[in-house]
Amino acid sequence: MIAAKPPMGWNSWNTFGKDIDEKLIFQIADTMVREGYRDAGYEYLVIDDCWSLKERDSDGNLVPDPEKFPHGMKAVADYVHGKGLKFGMYSCAGILTCAGYPSSYDHEYEDARLFARWGVDYLKYDYCNFPRNADGVNRYHTMSMALKATGREICFAACNWGHQQSWNWMRSIGAHMYRSTGDIFDNFRSFMGIFQSQLEHLCQSGPYCFNDLDMLTVGMYNQGNVAIGKPCTDGEYRMQFSLWCLAGAPLMIGADIRNLVPQMKKLLLNKELIRIDQDLECRPPCLVGRRSVMVPEEDRENAVEPLRAVKDQLFTFIKHLSDNEFVIAYYNLFTEERDISFIFADAGVPYSSGYGFDMRDVFTGEELGVKRDYYTVSVPGHDCKVFLCRLAPFHS
Ligand code: GLA
């Protein structure tokens, strides 16, 4: 069974772009095991664009660049599998990949067979250089079928950036996850914009076909291939990671995990946040209270009309988990510290019910005990607080 829960792994693009080779992939595989990423659930190791030669061979096959991958892709897959991980690769529905390498338009079945022969378990499938008169929905369906025809279980990670309202049809053509936004960059505006744009589509994300908010930039600090704008702060990375987990999005690490600072490794390995992401029920977070905005301060000017009018930059979510558990989360889009209140009645738990929430901080593990009526926290600028909660009666 593929993608019963949001897929988790590592992808080469955000940090390494075209600078990939077998040595790097082996080291990443070693790191995923040694440092506990595999055991935390990150199972796919995915090579993104730029792995092949610029031409197919005389039989029409894609050819791994022999300078980057001197032992071929089967050897890479074997190494990755030997570490107890799954192996992912990249192609594109167009004529060339986004970086200009040959891709799978009109080669879907032969390429899928080749990937299956190599032992590929995951295919990211991009949308650059797609012929104008071709039918995008049909071509994603074609690759989905071509993968199925191999008989191998291959996670189909479609990435058409939301064209033709992809959230409405990706599940029905067999994709296991789908990117419905443009590329993430390693800055606050980029990840907030992505989250904001997908919030209303998260109800179309769930078991076997998840809305993919793109590879994480957590821990990159502007090192690598997607560095544009101001580097993120640790608080902003906490926001990014926890928003992806609230969304139940695939968690694909983009940072160089061989050199991650300890606090970012700890964040990516946070058991409670991962458990929230992987929760069985896959419910999207519910924006509660009057705070219905998600436009970063700096973005107000560019915000789409209906959102520009809204002033509030403090927002709170509740997410229902399985087994009567909840997440209550607070986000501060201001640059300065602010108090944020979560009024339990806004989430259906008025004081008169006699119930409050027993709360535990997911970042610090601190037990707050049972709060009644509301809970106000002080949240630093561009940061968040996230609590795991259970309903609990109180006696007044
Ligand atoms: C597109 C995708 C990215 C990455 C690059 C590779 O831009 O959206 O995630 O795969 O192509 O060229």
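Q: I keep staring at the site of the ligand and nothing clicks. Help me out?
A: Not every one of the 13 residues close to the ligand is listed here, only the nearest: Asp48, Asp49, Lys124, Asp126 and Asp183. Interatomic distance of 3.1 Å between a side-chain N/O atom of Trp161 and an oxygen atom of the ligand. Split into classes, the residues belonging to the shell around the ligand amount to seven nonpolar, no polar and six charged.

Q: Is there a simple way to explain the pattern of salt bridges in this structure?
A: Between side chains of opposite charge, a pair can form as their charged atoms come close. A full pass over the atoms with the stated rule returns 24 salt bridges. Ionic pairing is found between Asp19 and Lys18, a salt bridge with its closest N-O pair at 3.6 Å. A single burial state applies to Asp19 and to Lys18, both of which are exposed. Close ionic contact of Arg338 with Glu336 constitutes a salt bridge, the shortest N to O distance being 2.6 Å. The exposure class assigned to Arg338 is partly exposed, which follows from its relative accessible area of 29%. Several salt bridges share partner residues, and in doing so they unite Glu272, Arg275, Asp323, Glu325, Arg360 and Arg390 into one network.

Q: Any chance you could explain helix 7 (residues 188-198) here in plain terms?
A: One turn of an α-helix holds 3.6 residues; hence residues three or four places apart share an orientation. Within the sequence span of helix 7, burial applies to Phe188, Ser190, Phe191, Met192, Ile194, Phe195 and Gln198. Summarising the contacts, the buried residues of helix 7 are in contact with strand 7 (210-212), helix 8 (234-247) and strand 10 (314-320). Structurally, the start of helix 7 carries an N-cap: the backbone nitrogen of Arg189 is 3.2 Å from a side-chain oxygen of Asn187.

Q: Looking at this structure, how should I read the sheet that holds strand 8 (residues 251-253)?
A: Hydrogen bonding along the main chain pairs the strands of a sheet, whether they run parallel or antiparallel. Read across the open sheet, the eight strands follow the order 7-6-5-4-3-2-1-8; overall the sheet is parallel. Two strands in the sheet have a free side with no partner beyond their single neighbour: strand 7 and strand 8. Strand after strand, the sheet turns through a mean of 25 degrees between neighbouring axes, direction not considered. Direction of pairing for strand 2 (residues 44-46) relative to strand 3 (residues 86-92): parallel, over a ladder of three bridges. Note that in strand 3 the partner of Leu45 across the bridge is Phe87. Against the sheet, helix 4 (residues 72-82) makes contact with strand 2 and strand 3, and its axis sits at roughly 140 degrees relative to strand 3, the strand it touches most.

Q: Honestly, unusual backbone geometry in this entry has me stumped. Any pointers?
A: Despite not being glycine, Trp161 has its phi angle at roughly 60 degrees, a positive value. With respect to the secondary-structure elements, Trp161 resides in the loop between strand 5 (155-159) and strand 6 (177-179). Judged by relative accessible area, which is 25%, Trp161 ranks as partly exposed. One non-glycine residue, Tyr221, lies in the positive phi region at around 45 degrees.

What counts and what doesn't
- Residues numbered from 1 in each chain as written.
- Predicted model: local features only at pLDDT ≥ 70, side-chain atom pairs only at ≥ 80, totals over all residues.
- Heavy atoms only, no water.
- Near = heavy atom within 4 Å.
- Polar contact = N/O pair within 3.5 Å; in protein donor to acceptor, adjacent residues only side chain to side chain.
- Nonpolar A, V, L, I, M, F, W, Y, C, P; charged D, E, K, R; others polar.
- Salt bridge = Lys/Arg side-chain N within 4 Å of Asp/Glu carboxyl O.
- Buried < 20%, exposed > 50% of the residue type's maximum accessible area, 1.4 Å probe, protein only.
- Helix = DSSP H or I, 4+ residues; strand = E, 2+ residues; numbered from the N terminus.
- Contact = heavy atoms within 4.5 Å.
- Pairing = 2+ DSSP bridges.
- Axes fitted to C-alpha atoms, helices over the stretch in contact; angles between N-to-C directions.

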